[in-house]
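Coordinates in review
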Amino acid sequence: MELNQVRYFLALANTLNFTRAAEMCSVTQPALTKGVQRLEQELGGQLIYRERQLTHLTDLGKAVLPMLERALASTEAVRRRAREFQQRDVAPLAIGLAPSISASLVLEPIAEIRKFVPGLHVELREEPSSRLVELLLEGEVNVALVGDLDEKPERIDDWALFEERYVAVLAASHELAGLPAIGIEALREAIILDRSNCDVAPKFQRLCFPDAPPNHIHSSCRDLHLQHLAAAGFGIVLAPEHMPRLPSLRALPIEGDPVWREVRLLAVQGRRYSPALDAFVKVARLRDWSLHQSHSEATRMSA
Amino acid sequence: MLMTVEVMSERLTKTLNQVRNDLMAGFSDADRESYLYLVNWLRQADIASHALRVGDIAPDFLLPDAHGRLVSSEQLRSEGPLVVSFYRGGWCPFCNAELRALQTVKDEFDSLQANLVVLSPETRDLPRQLKRQLNLDLTMLADVDHGVAISYGVLFRVPEETKAHYSGQGYDFGHRHGSTEWMLPIPATFVIDQDGIIQGSFVEPDFTIRQEPSAILSNIRLLGPRIKDEPPTGE
C-alpha cells in the first residue's frame, strides 16, 4: 500500500468527485484514478461506485476508510510537526475526563508529550460521558477518557485502556475500616455516600443492591466533597480504585470484587490529528496503566 | 528446563535461515497451505514494489516505546546510523526468532554507534509482554495505526483466506492492533544514514525469510565514518 494511493482515496471519499479529488492532491485525474484502482486491487475489491451522478463508497470503502484515515493522520502529524511549531507557538490539547476519571491518570502522558511538543497548552475538562461525546463531535475537546459507555456514535473511535475494580473508601476510624475486605451485606447496612450522576451506579444497584437501593443520606456530584464527607465519618464512598484519596481515608476491596469498569479513550474518527493529539493517543494506547494502579495500591497500603 | 535453555542457546548460534528451516519443519498442512497462499498473493499483487528503496528519504516518526515513552527517529539518527525493522507481531515465531537474533548482536550495533528500533503493529501491553517473554532489551516501538508502515510502503491488508487461518489459530488482530481492519507490515529492514537517507533496504514478501543480522551490520559498516563527500562503496 502506498501513501499516495491512500491520499487519493481519502480525497475521493471526502469529495466524491474525481476532478476535485485530483485537484486536492495536485495530480491529474488519470493519475488519481490509477492510484485508486491499484489500491482496490490490493484491498481485494471496489472502494468506490463510479456512477455519473452518484459516486459513493462501497461497503469495503466504508469499512477501510476509518483505518486509512487514522494511518494517514498518524503519518501527517509527524510531518507537520516541524512546520507547525515554527508557525505557531501554542499547541492546544483539550482532554475531557468523565467525573470518575481522575486527572492524575493523564499527568504522566502529558509530561511525556510535552518533551516533544513545545508550547503545549493542556485544558482538562470534566463532564459526564455523554456530554463528552458531544463535545468531541463539536471539536470542543480533542480526546476523552471515560468509563463504560452505553452507546457511542459511529464516528467515535474508542480504545480500551485498562480495567479497574471499585473499592469502598472510608475513614480510618470507620467501624468497618479494620476489615481486610467489606462484605456486600455490610455495605447494605452501611450509609453509602451518593455520587450524583454516577455512571456506575446502575451496575452497583444490579450487582450489590438488587432488592433495595443503597442507604443514601448525603450526596454530592464531586468526588472531593464525598471524600471530605467520608473522612468526617458520614459514610462510605464507592470509588474506582485509581482515584487518589485524602490521607485520612482507607480503601478496602469489596468481597469478591463484584464491580469492575473499563476505562476507555475516545477520539473522533477522520479528524486531522494535531501533533499533540497524535502523540497523546499513541502514548495512552501503549502506557502501562497497571503501574498507576499499583501506585494507588502502594499509597493505600502506606496510608 | 535445562534442555530449553540449551535449545535456545543453540538457536541463537544458528543463522536465521537455519531457524527458518526448523520452524517450517513444524508446519502443519494447513500452515503450509496458508503460508504459500499469502506469499503468492503478496507476490502477485506486487505489494513489495511500494516499499522505499536505497536513496529514498526515510520518513521520520515519533512513536511510543513499550513503556509509553515517545521516541523520535530524528533524534536517533542524529546519533548515528538508524536501523528500522518492521515485524508482524509477538504471535509470529519467525518474528520472534528475528528479534532474538537481533538481541544477540545488540552489542555490535552499540559499538558501531548505530541505533536499532523494531516496529510492531501491536499496541496495549503486547510489546511490553514480548520484551519480558523473550528477555529483550531492544527498543521496541509501537507503530500505532500503522502510520509508519504505510509511509515506508510495507503495509498490506490481510487477505480473507489468511485472516481465516490466523483467526482459526486464535489471533485477534482487532484486539492486538486496536483496529478492526486486519493490516500487517511485510517484515522489512531499513538502514538509514544520519542525513535521513535510506542506505539499505531488505523487503521480502516471504515472511519466513529475514535479513541476517550479520548482513545488517555489514551494511552499517559500509556507511563508514560520516564523510559527506564520499558516498558509501558497494551496494
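Glancing now at the sheet that holds strand E4 (residues 115-120) of chain B. Residue and element names in this part refer to chain B. Taken in spatial order, the five strands line up as E5-E4-E3-E8-E9 in an open sheet, and their pairing is mixed. Pairing within the sheet leaves two strands with one partner each, and these edge strands are strand E5 (139-142) and strand E9 (198-203). Within the sheet, the average angular offset between the axes of one strand and its neighbour, ignoring direction, is 20°. Pairing geometry for E4 and E5, over four bridges, is parallel.

This part covers empty space enclosed by the protein. If you walk through the whole model with that rule in mind, you get seven cavities of 30 Å³ or more. Volume-wise, the largest cavity comes out at about 60 Å³. In terms of lining residues, the largest cavity is bounded by Ser74(A), Thr75(A), Val78(A), Arg79(A), Lys282(A), Pro59(B), Asp60(B), Phe61(B), Leu63(B), Gly147(B), Val148(B) and Ser151(B). Taken together, the residues of the lining of the largest cavity sort by class into five nonpolar, four polar and three charged.

Residue and element names in this part refer to chain A. In terms of burial, strand E3 (residues 91-97) is a largely internal element, six of the seven residues being buried. Bridging between E3 and strand E4 (residues 120-126) involves seven bridges; their strand directions are parallel. Across the sheet, residue Gly 96 finds its bridge partner in E4, namely Arg 125. This β-α-β element, E3 to helix H5 (residues 107-114) to E4, shows right-handed connectivity.

Before going further, it helps to spend a moment on the packing of aromatic side chains. In this description, a pair of aromatic rings is defined by centroid distance and the angle of the planes. As enumerated under the stated definition, the model contains 16 aromatic pairs over all chains in all. A cation sits over an aromatic face here: Arg287(A) above Trp289(A), 4.9 Å from the ring centre.

This part is about the pairing of strand E9 (residues 237-240) of chain A. All names here are of chain A. Here E9 shows two buried faces, one formed by Val 237 and Ala 239 and the other by Leu 238 and Pro 240. Summarising the sheet, strand E6 (residues 156-171) and E9 pair through four bridges and their orientation is antiparallel. Directly across from Ala 168, in E9, lies its bridge partner Leu 238.

In this complex, chain A contributes 32 residues to the contact, which on the side of chain B involves 42 residues. A combined buried area of about 3100 Å² lies between chain A and chain B, and 60% of that area is made up of carbon and sulfur atoms. Summed over the three residues of chain A that lose the most area to chain B, namely Met1(A), Arg285(A) and Leu286(A), the buried surface amounts to 24% of that side. A salt bridge links Asp145(B) to Arg285(A); the nearest nitrogen and oxygen atoms lie 3.2 Å apart. Every element with two or more residues in the side of chain A that touches chain B is listed here: helix H1 (3-15), helix H3 (29-43), helix H4 (59-87), H5, E6 and helix H10 (275-286) of chain A. At twelve residues, the largest contribution of residues to the side of chain A that touches chain B is made by H4(A).

As a further point, take the confidence of the model for chain B. Residues and elements named next belong to chain B. Per-residue confidence for chain B averages 91 on the pLDDT scale, and 90% of its residues sit at or above 70. Taken together, the stretch residues 1-6 has pLDDT below 50 and engages in zero contacts with residues farther than four places along the chain or on a different chain. Across the assembled chains, the prediction reports ipTM 0.87 with pTM 0.89.

About the thresholds
Residues numbered from 1 in each chain as written. Chains lettered and ligands numbered in written order. Predicted model: local features only at pLDDT ≥ 70, side-chain atom pairs only at ≥ 80, totals over all residues. Heavy atoms only, no water. Pairing = 2+ DSSP bridges. Helix = DSSP H or I, 4+ residues; strand = E, 2+ residues; numbered from the N terminus. Axes fitted to C-alpha atoms, helices over the stretch in contact; angles between N-to-C directions. 1 Å grid on protein atoms, 1.4 Å probe; cavity = no way out; pocket = protein on both sides within 12 Å on 5 of 7 lines; lining within 4 Å. Points joined across faces, edges and corners; volume = space filled by probe spheres on them. Nonpolar A, V, L, I, M, F, W, Y, C, P; charged D, E, K, R; others polar. Buried < 20%, exposed > 50% of the residue type's maximum accessible area, 1.4 Å probe, protein only. Right-handed = clockwise from strand over helix to strand, strands pointing away. Phe/Tyr/Trp six-rings, centres within 6.5 Å; stacked < 30°, edge-to-face > 60°. Lys NZ or Arg CZ within 6 Å of the ring centre and 35° of its normal. Contact = heavy atoms within 4.5 Å. Buried area = accessible area lost by both parts, 1.4 Å probe. Salt bridge = Lys/Arg side-chain N within 4 Å of Asp/Glu carboxyl O. pLDDT = per-residue confidence, 0-100.

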